[in-house]
Amino acid sequence: MDFKRNIIITGGAGFIGSHVVRLFVNKYPEYRIINIDKLTYAGNLENLKDIEERSNYRFVKADICDYETMLRIMTDNQVDGIIHLAAESHVDRSIKDPFTFARTNVMGTLSLLQATKVYWESLPERYEGKLFYHISTDEVYGALEFDDTLFTEETKYDPHSPYSASKASSDHFVRAFHDTYGMPTVVTNCSNNYGPYQFPEKLIPLFINNIRNRRPLPVYGKGENVRDWLYVEDHARAIDIIFHTGKIADTYNIGGFNEWKNIDLIKVIIKTVDRLLGNPEGHSLELITYVTDRQGHDLRYAIDSRKLKNELGWEPSLQFEEGIEKTVRWYLDNEEWMNRITSGDYARYYEDMYAGR
Ligand code: NAD
Ligand code: TYD
């Protein structure tokens, strides 16, 4: 069957990628979606069980750093669009092992860009009708004070962690490929996502799982750092809109206008999990354990996403209370998903991490 478009989504077996793959496979039967994922500790094909048999979906296990393979997949599938999410994504891991982050996030993105360039430039129409869409983070902008300032698209890059430094570098490479070769690119910088299928090393799924298992909840520092939380399906919806209607070479910030101090968010999670498990109110507050702060812990992130709203009409659809309720319910209802994940590499990693405390 001939498809109207052939689109690569990298990192589709991860948290956000799996939501983007699901949205595109369901909404656009006329597109073929090719999910390229190396299946690192964070990649899990179980996240895509419901769509894996669909005729417009294909999974390829591959490393984005492998330039020859990227070029072959693009050529074989006549790829005209790329939505690039594959990355190492956890700040704590980047502090322990920055090389892996430079390899995948910087060199992997570069290898994908170069393969895309070589393939698209070999076609008679070259870059016409093509798009390389790079998914990035608000963390490239650095940290805000406790005031009312927000990151805008004009905020200067000022990354602090090895993770954000590697993402900043990849963003620069994407823009350089537009400016140097004329590749049609777009970059978006999004705030913290939450929702189903997030690997339980990140705050929200880790804490839900620990509360259920009566384990300590390690709060870094005083729990005063602030993050801006967005429900993952709202991010996927923004990606769909920007992929189809975003301006070439532009940048869009995506955020929830939903800032929470960590400790306040943690109390909401505790309250919700306790209520859904039938525990008395306040039952799990005793699990809160203040631990040594993360090195270089950014104080506050907050996104101004008015440009995206004004130019392309996107806004977050879900109120935070509703999003957290849905998320907690999902993790409690999908115990098996969680147990399988926590029995592997993840468990060993955390053993090492907590042994050092
Ligand atoms: P994730 O860690 O859950 O998933 C990453 C996926 O990439 C995994 O499936 C993994 O197997 C795959 N991958 C890693 N290295 C690879 C390689 N070398 N080749 C091919 N595949 C590889 O990450 P996520 O939270 O879903 O984040 C996805 C993207 O969105 C990342 O680029 C991240 O920087 C960005 N982002 C994340 C957030 C967030 O809150 N999670 C916020 C803003 C932006
Ligand atoms: P995280 O989910 O790792 O996302 P990011 O670092 O990309 O913002 O962490 C969210 C916030 O929660 C961050 O300020 C660090 C903090 N945190 C804890 O206090 N304890 C934890 O165990 C984790 C994983 C995070």
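Here's what I pulled together on the structure shown here. Being a predicted model, the structure only gives us computed values, none of them experimental.

1. Quick look at the environment of Y141
And step 1. Looking at where Y141 falls in the secondary structure, it is placed in the loop between strand 5 (131-137) and helix 5 (162-181).
And step 2. Owing to a relative accessible area of 4%, Y141 belongs among the buried residues under this scheme.
And step 3. Linking Y141 and F320, residues 179 residues apart in sequence, is a C-alpha distance of 24 Å.
And step 4. When residues no more than four places from it in sequence are discounted, the contact partners of Y141 are F151, T152, E153, T155, K156, Y157, D158, N189, T251, N253 and I303.
And step 5. At a separation of 2.8 Å, a polar atom in the side chain of Y141 contacts the side chain of N253.

2. Regarding the sheet that holds strand 11 (residues 259-261)
And step 1. The three strands are arranged 7-9-11 in an open sheet whose pairing can be described as mixed. Among the strands making up the open sheet, the edge pair consists of strand 7 (192-194) and strand 11. The mean inter-strand angle of the sheet, taken between neighbouring strand axes irrespective of direction, is 50 degrees.
And step 2. Both strand 7 and strand 9 (residues 226-231) contribute to a ladder of three bridges, which runs parallel. Counted as the bridge partner of N192 is W229 from strand 9.
And step 3. Most of the contacts of helix 8 (residues 262-277) go to strand 11, to which it runs at about 90 degrees, and overall it touches strand 9 and strand 11.

3. Brief notes about the sheet that holds strand 4 (residues 81-84)
And step 1. Ordered by their spatial adjacency, seven strands build an open sheet running 3-2-1-4-5-6-10, and the pairing between neighbours is parallel. Single-partner strands in this sheet number two, and they are strand 3 (57-61) and strand 10 (251-254). Averaged over all adjacent pairs, the angle separating strand axes in this sheet is 20 degrees, with direction ignored.
And step 2. Relative to strand 6 (residues 185-190), strand 5 runs parallel, the two being bridged by six bridges. Paired with I135 across the two strands is T188, which belongs to strand 6.
And step 3. Contacts between helix 1 (residues 15-27) and the sheet are confined to strand 1 (5-10), strand 2 (31-37), strand 3 and strand 4, with strand 2 contributing the most and set at about 165 degrees to the helix.
And step 4. Sheet contacts for helix 5: strand 5, strand 6 and strand 10; angle to strand 5, the most-contacted strand, approximately 155 degrees.

4. A few points about helix 7 (residues 232-245)
And step 1. The end-to-end C-alpha distance of helix 7 is 20 Å, a good match for the 20 Å that 14 residues give at a rise of 1.5 Å each.
And step 2. Within the span of helix 7, buried status applies to V232, D234, H235, A236, A238, I239, D240, I242 and F243.

5. Remarks on the side chain of E139
And step 1. One can find E139 in the loop between strand 5 and helix 5.
And step 2. Although E139 is buried, it forms no salt bridge, and the closest oppositely charged side chain is R227 at an N-O distance of 5.4 Å.
And step 3. Excluding residues that lie within four positions of it along the chain, E139 makes contacts with V91, P159, Y163, S164 and Y301.

6. Structural notes on the site of ligand 1
And step 1. Around ligand 1 sit 28 residues, and of these I16, D37, S89, Y163 and K167 come closest.
And step 2. In this structure, G14 approaches ligand 1 through a main-chain N or O atom, which is 3.0 Å from an oxygen atom.
And step 3. T104 places a polar side-chain atom, nitrogen or oxygen, 3.4 Å from a nitrogen atom of ligand 1.
And step 4. Burial of ligand 1 by the protein amounts to 96% of the accessible area it has alone, namely 840 Å².
And step 5. Broken down by secondary-structure element, the contributors of at least two residues to the shell around ligand 1 are helix 1, strand 5, helix 5 and strand 7.
And step 6. Sorting elements by how many residues they give to the shell around ligand 1 places strand 5 first, with three residues.
And step 7. Looking at the shell around ligand 1 residue by residue, the classes come out as 13 nonpolar, 11 polar and four charged.

Cut-offs used in this document
Residues numbered from 1 in each chain as written. Chains lettered and ligands numbered in written order. Predicted model: local features only at pLDDT ≥ 70, side-chain atom pairs only at ≥ 80, totals over all residues. Heavy atoms only, no water. Helix = DSSP H or I, 4+ residues; strand = E, 2+ residues; numbered from the N terminus. Buried < 20%, exposed > 50% of the residue type's maximum accessible area, 1.4 Å probe, protein only. Contact = heavy atoms within 4.5 Å. Polar contact = N/O pair within 3.5 Å; in protein donor to acceptor, adjacent residues only side chain to side chain. Pairing = 2+ DSSP bridges. Axes fitted to C-alpha atoms, helices over the stretch in contact; angles between N-to-C directions. Expected span 1.5 Å × (residues − 1). Lys, Arg positive; Asp, Glu negative; His and termini not counted. Salt bridge = Lys/Arg side-chain N within 4 Å of Asp/Glu carboxyl O. Near = heavy atom within 4 Å. Areas by Shrake-Rupley, 256 points an atom, 1.4 Å probe, with all protein chains shown as cover. Nonpolar A, V, L, I, M, F, W, Y, C, P; charged D, E, K, R; others polar.

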